[in-house]
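Here is what each chain is made of, one letter per residue.
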Amino acid sequence: MCDTVNRCEAQLAEWVGAAFRAAFGEAAGLEAARVQAATDPRFGDFQCNDAMAAAKRLRQPPRAVAEAVVRALPLPPMLEKVEVAGPGFINLTVSPAWLAGQVAGLAGAPHFGLPDLGRGRTVVLDYSSPNVAKPMHIGHIRSTVIGNAIDRMYRALGFRVIADNHLGDWGTQFGLLIQGYRAFLSDAEREALTVEALERVYVQSYNRSKEEPGWLDACKAELVKLQQGDPENRAIWERFIAISRGEFERVYTRLGVGFDLWRGESFYNDILAETVALLEERGLAVESEGARVVRLEDEGMPVCIVRKSDGGYNYATTDIATVRSRVAEFAPERVVYVTDERQQLHFRQFFAVCAKLGYTTHLEHVWFGLMRLPEGTFSTRQGNVIKLEALLDEAERRALEIIQASNDGMSEDEQRELAAAVGIGAIKYADLSHDPQTLIVFTWEKALALEGNSGPYLQYAHARVCSLLDKYTALVPGRDPQASPLLLAEPVEKALALQLMQFPAAVVRAAEAYKPNVLADYLFGLSQTYSSFYQRSPVLKAEPEVRDSRIRLCAMVAQVLAEGLGLLGIRAPRRI
RNA sequence: GCCCCUGUAGCUCAGUCGGAUAGAGCAACGGAUUUCUAAUCCGUGGGUCGCAGGUUCAAGUCCUGCCAGGGGCGCCA
């Protein structure tokens, strides 16, 4: 799904392809000409580099090939100029009228012309997935924010997306927690249970288990009781989940993140045994050192343990069982997991096991680099975790300070709401504007940047456009600029139109590669061009014809910025 | 030891299927506001794209080796 996404570019590519065939017939060996945005405006608007690649097959100098192509067909109306440059670049300059028609067409289409690639296709998206009984910290932000952006992009492209929050709600830690819950908490603390209390209980219980074997045994006994369905332990465990879920929901609400499903690991408990049985039936799971493992030598990987020597199951089993369940229930084309880089081997292993089981569903692990502090990795035990809520609070506080300083008659509530949009937007953008696979060293300064290449920069550009649109309506009430032609006389106007035209392709590229930063980069570039335009080209004060044309351009910029920020999960307030 | 990722300006990072003189932001310096939101814009300085080979018309991008950093490698997830 890529080359033909941008219908506008496709028209150009089609013409160039026809010119190749006119000049060289099928000898050119081009399935389709590739046309891309020019690397420098001095070269025109678009360029095609295929002549240089074809030169070898044609046994002719690249420059001569390009010149023959350029001369092969008469210039169509959409092109103003076609010329050869350098070793054989074919540079295309489009006519402003054609360009205006193209962007106007996009502006009238849903999602500014995003193609409906996902029709009839289902994607299960597994992201965020925090652990029960632990507070969300800044390490969770990447999976949550990147996963959510992928979610939004795929939905906009027409996919049926099933976003599932695969909570860590099962496992050995619950023995420690239940035992500690009974021992360390007062009645009052148990009554008003919080995630903080649970976290404290866990650390305390863990430490004691290290010193006191008897304590560890007691914890294991509680775990077994839970697994066997003991009503009392079951009730406590459910309470842990309810308390945690309340906390998670609070954070997700602030982040504007939502899920279709909240199916934790425990959801699949009932099919773990049959999953291992299935693996054994197929001859895939074999005994090794008391455990059941699937050998993956042929795939060049270590064995994958699917049942521990104590009879318990581990995460690989749960993940395989989860695939079985999801395939049976949703028949997805793909299942996408968003987790940190440390789990790469695990995913490769259990993907391989699923392939051995005959699953053809495309399983994709989208991994991102760890977030660390300048002084090193953070961990609960070192006590240097930064809670996600603290980060959000700080972001909103800093945004509010700036908003209050430029106090222009907004009510207190409006200011607070705006601070939330700007603060959270800054945090999200700081993450989404980087390639997910880079390691991020967290600093408050970077995460909360409000100027330059930042979320607020884009929001500010958007708010300024909106302000212009409102003032236009007030200036000439009832007038519809759509009735006026889009002129694109100034270079910066043409640059804006060209950039607007790239929106669908940017979204598709970002979605395909699971890299929201591709979209973020695009939006930043558009905002830069717009800010430059805004600075040098008066809109409301221009002659009516120019004014109406420019306001149409502004309306399209507002549309794309709102749409694009929306796809990143960043709010775009009309006023800042 | 083996596997994965990263190395681009002082700092943080972009760089599409190999294309033209490698781009942004921050920081520094110099400008722009009686004019549509200065969270802005315009300009200046700043580079051995980790190192060494190779592939080719063309390499930051592909291949090999090396160096440095991060992560992973059987019963945690």
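Calculation criteria
What you see as residue numbers is a count from 1 along each chain, following the sequence as written. To read the labels, note that chains go from A and ligands from 1, taken in the order they are written. With the structure being a predicted model, the display of local features is reserved for residues of pLDDT at least 70 and the display and counting of side-chain atom pairs for 80 or more, all residues being used for whole-chain, interface and lining totals. Excluded from the side-chain calculation are hydrogens and water; included are all heavy atoms of the structure. Any two of the Phe, Tyr and Trp rings considered here, Trp counted by its six-membered ring, make a pair once their centres fall within 6.5 Å; the pair's planes then place it as stacked at under 30 degrees, edge-to-face at over 60, or tilted in between. Here a helix means four or more residues in a row that DSSP labels H or I, a strand means two or more in a row labelled E, and each is numbered from the N terminus. Exposure classes here rest on a 1.4 Å probe applied to the protein chains alone. A residue is buried below 20% of its type maximum, exposed above 50%, and partly exposed in between. Only when the NZ atom of a Lys or the CZ atom of an Arg is both within 6 Å of the ring centre and within 35 degrees of the ring normal do we say a charge sits over the ring. pLDDT gives the predictor's per-residue confidence on a scale running from 0 to 100. By nonpolar core is meant a set of buried Ala, Val, Leu, Ile, Met, Phe, Trp, Tyr and Cys residues that side-chain atoms within 4.5 Å join together. A carboxyl oxygen of Asp or Glu within 4 Å of a side-chain nitrogen of Lys or Arg is what we treat as a salt bridge.

Enquirer: Looking at this structure, how should I read the packing of aromatic side chains?
Expert: For any pair of aromatic rings, the description rests on two quantities: the centre-to-centre distance and the angle between the ring planes. Taken as a whole and judged by the stated rule, the model has 24 aromatic pairs. Centre to centre, the rings of Tyr252 and Trp262 are 5.7 Å apart; their planes meet at 70°, and the pair counts as edge-to-face. Pair noted here: Tyr252 is in helix H10 (residues 231-255) and Trp262 is in the loop between H10 and helix H11 (272-281), with a separation of 10 residues, a long-range link. Since its relative accessible area comes to 1%, Tyr252 is described here as buried. Over the face of the ring belonging to Tyr181 we find Arg190, whose NZ or CZ atom lies 5.7 Å from the ring centre.

Enquirer: What exactly am I supposed to notice about the confidence of the model for chain A here?
Expert: Summarising the model, chain A shows a mean pLDDT of 91, and 96% of its residues fall at 70 or more. Ranking the helices and strands of chain A by mean pLDDT puts strand S6 (residues 160-164) first, with 98, and strand S12 (residues 371-372) last, with 80. Interface scoring of the predicted complex returns ipTM 0.95; its pTM is 0.95.

Enquirer: So what exactly am I meant to see when it comes to the nonpolar core here?
Expert: Within soluble globular proteins, side chains that are nonpolar tend to cluster in buried spots. Counting 147 residues, the largest nonpolar core has Ile90, Leu92, Phe240 and Leu519 as its most contacted members. At 11 residues, helix H21 (residues 544-568) tops the list of elements feeding residues into this core. Formed by 28 residues, the second largest nonpolar core is a distinct cluster that contains Ile320, Val323, Phe330 and Phe350.

Enquirer: Would you mind showing me how to read the pattern of salt bridges here?
Expert: For side chains of opposite charge, pairing can occur when their charged atoms come near one another. For the structure on display, the rule yields 39 salt bridges. Measuring nitrogen to oxygen at the nearest pair gives 2.8 Å for the salt bridge that ties Arg119 to Asp116. The exposure class assigned to Asp116 is partly exposed, which follows from its relative accessible area of 40%. Between Glu274 and Arg324 there is a salt bridge whose closest N-O contact spans 3.4 Å. Here Glu274 is found in helix H11, whereas its partner Arg324 is found in helix H12 (residues 315-330), with 50 residues between them in sequence. Linked through salt bridges whose partners overlap, the residues forming this network are Arg182, Glu222, Lys225 and Glu232.

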